[in-house]
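Letter by letter, the chains look like this.
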Amino acid sequence: NRDHPVKVTVVEVGKGHSAEESSSTIDSAPSSSSPLSSSASEGSSPKVQLSEPFYPVSLLLQNDETQVAVASLPGNLGVPSVPKDEPPTTIDPQDAGGPDGWVPRDPRMVRLTGKHPFNAEAKLNDLFNQGFFTSTNLFFVRNHGAVPKVDLDMAKHWKVEFTGLCNNTSFSLEDLRTKFEVVTIPITLVCAGNRRKEQNVVQKSLGFSWGAGGVSTALFTGVRLCDVLKYVQPERGAKHVVFEGADQLPNGPYGTSQLLSWASEPNKGMMLAWAMNGKPLEPDHGFPIRLVVPSQIGGRSVKWLKKIELSAIESQHHLHFHDNKVLPMPVGPDQARVEKSWWYDPRYLIRDLNVNSAIACPDHDEILDAPPSNTYTLRGYAYSGGGRRITRVEISLDEGSTWRLAEIEYPEDKFREVAYDDTIYGKVDLTASDLCFCWSFWSFPVLVEELSKAAAITVRAMDEGLALQPRDMYWNATGMMNNWWFRVAVHHLE
Ligand code: MTE
């Protein structure tokens, strides 16, 4: 009977292997034996309801044009809408009593490193269902340590200090807002460890297991880094821009650097941002100010930004060397731990993201119980780095022997089309760059009958530089930049 329902369930590669869930993170995150680190099910203290949220949501953007502009985005132009969810107000029992015991967080976030530090992603399906923009509440978080506690008064007096080979000066948020043009740009951030879980299943790396949810998109508001750099007049000999955050980690503050030539390039879209989705940054995302670097790995977007140094040499911060590297495959975790020289080889530093894609529909363990003549639409996301656009997404139902083209949607374009309309956006400039800074979405309708015969669904994407996701995983000690074909296995239940 052709119309007899077909039951299949799909399993994402790397799911169902829970051994890695609370593994230690690269470098400064405590191991699972730390007193602060325990599995997500632990922590019996009651939910703490903050009578008065510590974090003042209306701070800084009161009467600010940016907030008004974002709030008035029209819904009828096909423009992706900006999530307007209120930030969470409750403290998770797992945080109560710990260093982040004052940071309200969304309970839907899946913790990947036990209680502390907070490293979390939304379930892939929850993330995907958000659409183009991710609610700040479900935006992935990567913290190497405790969130710096910054109150309203501290934020008002917060200064970003410029030092080194330039006019040494400092800017408050008010200074930045008034001295430079304010821009608002949709940007996708991606952790270099996105999809690391699949690597950890093959062989444990030094990093903890991200699923495919270490990626999120928001509308960031701030000033262009290139404008501020021009103002401070870098001196001869300055080659690098070194950024430092306020978080205190065991080996000093978090810091990393950019080439000055890249940071000064307007089209690269780097910005000093204070708002996300039209509201002040949340504590987990760098309140009161952060660097946002589109199209590079998330690790370059320094949060709780305090200091910017113009320098002849790259950042000397511990994590600039000991994180965000793809070491050669033959260098195992133990060798990398012992032979420190691997970390100082500049060839292994990661800047731009690489081409990647994932399947969100069907979801892990989804059961498809439908007549064979029905159509099921496979869906997912794809992104690349360096401002490069995804140019094709291909689907295989026979383990890569044959491929078919999926449809690709670029919501970012829609956004830019209307961005020129001053009557809607006021002074906010959404056209800061013509490069591609955001994820795209793909879809591929397929007959259930065909799915019922497939052993797996596989996706791969290509970008403008003709970089194609590889068939084979490039396993590496830090477990970074995993971008082999994304594959879900199909199990036939009857
Ligand atoms: N900045 C500081 N100061 N401290 C950090 O731990 N983590 C980095 C980056 N900036 C980090 C930081 C990493 S590895 C990533 S992937 C992004 O922040 C994550 O940004 P998000 O937490 O806002 O998503």
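Per chain, residue numbering runs from 1 following the sequence as it is written. With pLDDT at 70 or above as the cut-off, local features in this predicted model cover only qualifying residues; side-chain atom pairs require 80 or more to be listed or tallied, and sums for whole chains, interfaces and linings still use all residues.

The chain is annotated in an unreviewed UniProt entry as Nitrate reductase [NADPH] from Coprinellus micaceus. Under the UniProt heading Sequence similarities (unreviewed entry), the entry covering the chain gives this text: "Belongs to the nitrate reductase family." UniProt positions are given in the numbering used here, feature names are shortened, and annotations may be inferred rather than shown by experiment.

A. Representation of the overall build of the chain in the model. Broken down by element type, the chain carries twelve helices and 25 strands. Neighbour density around each residue's C-beta defines its exposure: 20 or more other C-beta atoms within 10 Å make it buried, 12 or fewer make it exposed, and counts between make it partly exposed, where C-beta atoms are placed from the backbone. Burial analysis of the chain (494 residues in total) assigns 48% to the buried set. Think of it this way: any DSSP run of H or I at least four residues long counts as a helix, any run of E at least two long counts as a strand, and we number them from the N terminus.

B. Structural detail: the UniProt feature "binding site: Mo-molybdopterin" (unreviewed entry) in the chain. Annotation from UniProt places "binding site: Mo-molybdopterin" (unreviewed entry) at Cys191. C-beta atoms are placed from the backbone for every residue, and two residues are taken to be in contact when these atoms lie within 7 Å. The contacts of Cys191, once residues within four sequence positions are left out, are Phe140, Arg142, Trp210, Gly214 and Gly298.

C. Summary view of the sheet that holds strand E23 (residues 440-447). Note on pairing: DSSP must find at least two bridges between two strands before they are called paired. Taken together, four strands build an open sheet; the order of strands is E17-E19-E23-E22 and the sheet is antiparallel. Two strands bound the open sheet, and with one partner strand each, they are strand E17 (356-361) and strand E22 (407-409). Sheet twist, expressed as the average angle between the axes of neighbouring strands with direction ignored, equals 30°. Examined bridge by bridge, E22 and E23 share three bridges and lie antiparallel to one another. In the sheet register, Glu409 faces E23, and the bridge partner there is Phe441. A fitted line through C-alpha atoms serves as each axis, taken over the contacting stretch for helices, and the angle formed by two N-to-C directions is quoted from 0 to 180°.

D. Looking closely at the environment of Arg236. Looking at where Arg236 falls in the secondary structure, it is placed in the loop between helix H6 (225-232) and strand E11 (240-249). Accessibility expressed as a C-beta count within 10 Å gives 6 for Arg236, which makes it exposed. Between the alpha carbons of Arg236 and Cys166 there is a distance of 8.9 Å; along the sequence they are 70 residues apart.

E. Fine view of the pairing of strand E12 (residues 252-259). Among the eight residues in E12, six count as buried, and that is most of the element. Pairing analysis gives seven bridges linking E11 to E12, with the strands arranged antiparallel. Considered in E12, the bridge of His240 is made with Leu259. Following E11, the chain reverses through two residues before pairing antiparallel with E12.

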